[in-house]
Structures are given as structure tokens and as C-alpha cells.
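# Reading the structure
Here's the letter readout for the chains.
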Amino acid sequence: MTAGFVSARGYKPVMAVEWDLAAATTYAANFGESHIRWGDIAKITDGQIPKADVIIGGPPCQGFSNLGSRDVDDPRNKLWKEYIRFVRRARPKVFVIENVDRFRTSSEFALLREEAKPGGLLQEYKLTDALLLAADYGVPQMRRRVIVIGSRVGAIPIPEPTHEPVGLLGRQTWRTVRDGISDLPEEPACADLPARWFEAFGEKVPGSFESEELHIRRNPTELSLQRYDCVPPGGGRFDVPAHLLPRCWREKPTGTTDVMGRMRWDRPSLTIRTEFFKPEKGQYLHPQWDPEDPERRVNRPITHREAARLQTFPDTFLWCGTKIEIARQIGNAVPPLLAHALAEHLKPYLRRASPRPRKPSEEGRER
């Protein structure tokens, strides 16, 4: 989210909090270490919270996600209360919360809305929420997320989409996988990240790595390659012959339709999750596949760099951590282009809420 807001210009981060060391180090490598706190947000005292015009964040969503346990007692789901504490202390003009689609039907969301009513902790704020599709804002990905905008400068609507499937309403057409990754080499040169270390918070973490260094291959088995070769664009595990399937798939004739799936060049990708490097986890096979020429098939999952591109991270972004830690950062992120759209949308409301600086001549006349 910070990458998207900073790219909109006019926004300067004054504080960030991140529990995960690798993610915090990636943040420090891109935006500076001086204002980020690595550790438990609950240990940040009220006195350490600065004033701010905007607060952005996404409390952990695993308990709400369809892929998670949906345990209402999951302590990660209580971190939104810490978010509210920050809002109460910093008193921003606007705050933005991002979460998975199930958040909108959760008990936590219902309580959040209650707190925005008279007498509640957020009674100063008017809430607007919507389920947004990232593809509608220029992201080449069918990623659906709930966005909540809280404002104490008047209700702020959700931004109108800038893109659409076919462009009939005068908007730009959806960006596709081809737009995102077609210029990258089909065959990655390396299987590992360079041996390099980045120091932050008194700790050393692998990195920092430039975007092109994330274009790393895996080393699939011969059986995996045979499976990949059977899957056309848009296909999945049901295209793999039974004798090549693992037992768990042979005995499950329905459901999980996108696993072992291959992307389509001319459509947005499905949601990029944290294990995009495993084809058995979703539609993550490279889209290049020629039905007539087996030599023109790219039988591998997308690379970290390709996943970051589909999330719309700029090539100038730096990364820290192991391969698994960086993949988690990529998959958990708000697409920067979506955050950029939100940041641009908020600007006029923030400007109207800020007093116009007086000229010396005006001050003199008033006196």
C-alpha cells in the first residue's frame, strides 16, 4: 500500500509497523528504516504514535479467508482493534482498511461499523466500503478485496473503476497477463537468489534483491513436467491423464478446479497467493503453450518476478528475505496500482479539508 500511495505523490510515510522481519526489512530497503518499527504493534505506546492525515493498513486476514480456518478467536483477527487505537491517537482525516472479501461478513466488520455510530470509538468517521476487483483499476489480476474508507471530512465514495473487460463504457480495457509479463525471458537463468545480506534493525536478512534477480526457476521432477505439459491455457488438473495424477486428485472428482492450472495470455491472472510457485496450489503455470508444437510450451510455474509484475510492483522495487519469505510478501500485498488509485482518489477530499495557507498580505489585512 505504501508503494502505491508514495507513487501518487504528495504522500510521505511518517510511521509503519510490521511484525515480520523480512517484510519490515523490504519496507526499510524501499522507504527508509527511520520511521518503521519492527515488532508487535501492541507494544507501540500511544505516545509513540505520530499525527497523520491518512492511515492505511490491512490487519491480518487469514481467519476471514476462505483458505483459512475462519476461527473468530484467531488472535490475528483482533489486530484491527490495534488499528483503531492508532486511528484514535493519530486522528487522521482519512483511514483505509484492506481485507479479503469475507471480512465484509465477519463479526469484526460488524463491530467496526458499530464503533462508527454515535458514542462509538470512531463516531467522528463516516464509513464507506465495497468489494473491489483489482482488474478494474489496471491490475492484470482477478483479485477481489474489501476496501473500507473512514473519513472525518465527510463521506468519501469508493473510486470509480478505470478499466473494464471490453471497454464499452469508455474505460480502458483490462490489462492482461501478456501486458504484465510477456517481455520477460521464458527460461530463467538461475534457480537461486544471490548470496547477499541486508542489515536493518540490527539484524541481517538476505537481500536486497533487484527485480530481475527474482526471475528464478524451480527444478520440477520429470513427473511434474509431464503433468504440466498436458495443461492448456485455462486448463487445470482435469486435463492431466489419470495415470499421472496423485491419488488425492484421482479420488476427488470435483472441486479445486484451478489447481495445476495454466494462465491465459489475454486475460488477467487469477489471484496471486503466497504459494504461486507451486502449480498444485492454483492457476500458476506460465501461459505459453502451443497445442501443435511441444517445443513452444513453457512448462514451469511463474517466477517471483512474474508474480511481482502481476501484482504491479515496479521493477525498481527491492526485496529482502528468502525465496519463501519474498513470495509471502508478494502474495500478501495490496497491488500497488490499486493503492495508487485509492491515493489519487483521496487527494481532493484531503485538500478540501486542509486550510488554504494565507498570503502575508491577507494576514496583514485581517490584523
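Up top is the structure these notes are about.
Residues numbered from 1 in each chain as written. Predicted model: local features only at pLDDT ≥ 70, side-chain atom pairs only at ≥ 80, totals over all residues. Heavy atoms only, no water.

## Describing the overall build of the chain
Short version of the rule: Comment: elements are numbered from the N terminus, with helices defined as DSSP H or I runs of at least four residues and strands as E runs of at least two. Our radius of gyration looks at C-alpha atoms and nothing else; its globule reference is 2.2 Å times the residue count to the power 0.38. Think of it in three bands: with a 1.4 Å probe and only protein chains considered, a residue is buried below 20% of the maximum accessible area for its type, exposed above 50%, and partly exposed in between. Contacts are assigned to residue pairs with any non-hydrogen atoms lying within 4.5 Å of each other.
Each helix and strand in the chain was counted, giving eleven helices and 13 strands. Relative to its length of 367 residues, the chain is compact, with a C-alpha radius of gyration of 23 Å against a globular reference of 21 Å. Counting only residues that meet the buried cut, the chain has 48% of its 367 residues in that class. Within the chain, contacts between residues separated by at least 24 positions form 65% of all contacts whose residues are at least 6 apart in sequence.

## Points about the sheet that holds strand 6 (residues 144–151)
Just so we agree on the cut-off: Strand pairing is assigned whenever DSSP identifies at least 2 bridges connecting the two strands. Between N-to-C directions, angles span 0 to 180 degrees; the directions come from axes that are lines fitted to C-alpha atoms, helices contributing only their stretch in contact.
Reading across from one edge, 3-4-6-5 is the order of the four strands in this open sheet, with mixed pairing throughout. The open sheet has two edge strands with one neighbour each: strand 3 (54–57) and strand 5 (126–133). Ignoring strand direction, the axes of neighbouring strands in this sheet form an average angle of 15 degrees. Pairing of strand 3 with strand 4 (residues 94–100) involves four bridges; the strand directions are parallel. Paired with Ile56 across the two strands is Val96, which belongs to strand 4. In the packing of helix 3 (residues 79–90) onto the sheet, contacts are made with strand 3 and strand 4, and the angle to strand 3 comes to roughly 170 degrees.

## Concerning the packing of aromatic side chains
For any pair of aromatic rings, the description consists of the separation of the ring centres together with the inter-plane angle of the planes. Selection rule: In this analysis, rings of Phe, Tyr and Trp, with Trp reduced to its six-membered ring, are considered paired at centre separations within 6.5 Å, and the interplanar angle assigns stacked below 30 degrees, edge-to-face beyond 60, and tilted for intermediate values. Whether a charge sits over a ring depends on NZ of Lys or CZ of Arg being within 6 Å of the ring centre and within 35 degrees of the ring normal.
Summed over all chains, the structure comprises eleven aromatic pairs. Each member of the aromatic cluster is reached from another via a ring pair, and the members are Tyr27, Phe31, Phe313, Phe317 and Trp319. Against the face of Tyr349 rests Arg352, its NZ or CZ located 4.9 Å from the ring centre.

## Side note on the state of the cysteines
Here is the rule: The term disulfide is used for any two cysteine sulfur atoms that are within 2.5 Å.
Scanning the model with the defined rule gives zero disulfides in all. The structure places no disulfide on Cys190, whose sulfur is separated from the nearest cysteine sulfur, that of Cys320, by 18 Å. What makes Cys190 partly exposed here is its relative accessible area of 42%. Free of any disulfide, Cys248 has its nearest cysteine sulfur in Cys230, 16 Å distant.

## Overview of the side chain of Thr128
Keep this limit in mind: Throughout this description, a polar contact denotes any pair of N or O atoms lying within 3.5 Å of each other; where both atoms belong to protein, one of them has to be capable of donating a hydrogen while the other can accept it, and for residues adjacent in sequence the pair is counted only when both atoms sit in side chains.
One can find Thr128 in strand 5. Classification of Thr128 as buried rests on a relative accessible area of 18%. A polar contact of 2.8 Å, which involves the side chain of Thr128, links it to the backbone oxygen of Ile156. Apart from residues no more than four positions distant in its own chain, Thr128 is found in contact with Ile147, Val148, Ile149, Ile156, Pro157 and Ile158.

## Remarks on the pairing of strand 5
Residues in a regular strand point their side chains to alternate faces of the sheet. Counting buried positions along strand 5 yields six of eight residues, so the element is predominantly enclosed. Note: strand 5 against strand 6, eight bridges, orientation antiparallel. Among the inter-strand pairings, Leu127 is bridged to a residue of strand 6, identified as Gly150.

## Re helix 6 (residues 222–229)
Filter applied, for reference: Of all possible arcs, the one meant is that of the directions from the helix axis to the C-beta atoms.
The set of residues buried in helix 6 consists of Ser224, Arg227 and Tyr228. Down the axis of helix 6, the buried side of the element spans an arc of 100 degrees, and every buried residue falls inside it. Tucked inside the fold, the buried residues of helix 6 contact strand 11 (261–262) and strand 12 (283–285).

## Some thoughts on the pattern of salt bridges
To keep it simple, the criterion reads: Salt bridges are defined by distance alone: a side-chain nitrogen of Lys or Arg within 4 Å of a carboxyl oxygen of Asp or Glu.
In total, this model carries 22 salt bridges according to the counting rule given. For Glu160, the salt bridge goes to Arg171, with nearest N and O atoms at 3.6 Å. Pair noted here: Glu160 is in the loop between strand 6 and strand 7 (163–164) and Arg171 is in the loop between strand 7 and strand 8 (172–173), with a separation of eleven residues, a long-range link. On the basis of relative accessibility, which here comes to 59%, the residue Glu160 falls in the exposed class. Salt bridges here are not isolated pairs; linked through shared partners, they connect Asp183, Arg305, Arg309 and Asp315.

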